[in-house]
Amino acid sequence: MSHENSPIRSASFDQIRNLSKALKIFQERATKPCGITFTQFIILDFVCQKRPLYLKDLHQQLGVKKSTTSRLIKPLIEKNYLEKKANTLDKRLFELYLT
């Protein structure tokens, strides 16, 4: 008998899907009062853990394009959660700081 379509396997996938949905709802409710997305919250956490956090490192940690990272941090800068500064030794590098 194949286990690919077994009732136990199907129930397990249903539980995982339901947990995933519940986690997403929790994440949205937790970050909504701050006016940020959960991904933006993760960015703030990264910056908090590694000060300064270089923008190029953030692209790698998130695994997204540079343009996506820029789009995600722009509202955080506008809301004064983050500050973006050029590195004093290498103006091509940008550092992110919590405000």
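Residues take numbers from 1 onward in each chain, read along the sequence in its written order. In view of the model being predicted, local features appear only for residues whose pLDDT reaches at least 70, and side-chain atom pairs are presented and counted only at 80 or more, with totals across whole chains, interfaces and linings using the full set of residues. To get the side-chain values, all heavy atoms of the structure are used, and hydrogens and water are removed first.

## Structural notes on the overall build of the protein chain
Only DSSP runs of H or I covering at least 4 residues are called helices, and only runs of E covering at least 2 are called strands; the numbering of each starts at the N terminus. Helix and strand counts for the protein chain stand at 4 helices and 3 strands. Listing the helices and strands of the protein chain from first to last along the sequence gives α-α-β-α-α-β-β. Just to be clear, the radius of gyration here is over C-alpha atoms, and the globule rule we use is 2.2 Å times residues to the power 0.38. At 19 Å, the protein chain has a C-alpha radius of gyration far larger than the 13 Å of a compact globule built from 99 residues. Principal axes of the C-alpha set define a box for the protein chain whose edges measure 65 × 30 × 20 Å. Partly exposed describes any residue whose relative accessible area lies between the buried limit of under 20% and the exposed limit of over 50%, with all areas from a 1.4 Å probe on protein chains only and scaled to the type maximum. For the protein chain, with 99 residues in total, the buried portion stands at 21%. Per-residue and other accessible areas were derived by the Shrake-Rupley procedure at a 1.4 Å probe size, with only the shown protein chains allowed to occlude residues. Total accessible area computed for the protein chain in this model is approximately 7,600 Å², and 57% of it derives from carbon and sulfur atoms. Under this rule, positive means Lys or Arg and negative means Asp or Glu; His and the chain ends count for nothing. Lys charges are placed at NZ, Arg charges at CZ, Asp charges at CG and Glu charges at CD. Between the centroid of the 18 positive side chains of the protein chain and the centroid of its 9 negative side chains there is a distance of 3 Å.

## Topic: the nonpolar core
Of all hydrophobic cores here, the largest spans 12 residues; its members are I36, I43, L44, V47, L53, L55, L58, L72, I73, L76, L82 and L96. Counting only elements with at least two residues in this core, the list comes to helix 2 (38–49), helix 3 (55–62) and helix 4 (66–78). In what follows, residue pairs with any heavy atoms lying within 4.5 Å of each other are defined as contacts. Not counting chain neighbours up to four residues away, the residues in contact with I43 comprise L58, L62, L72, I73, L76 and L82. Here, nonpolar core refers to any group of buried Ala, Val, Leu, Ile, Met, Phe, Trp, Tyr and Cys residues whose side-chain atoms link them within 4.5 Å.

These values are about where atoms sit, not about what they do.
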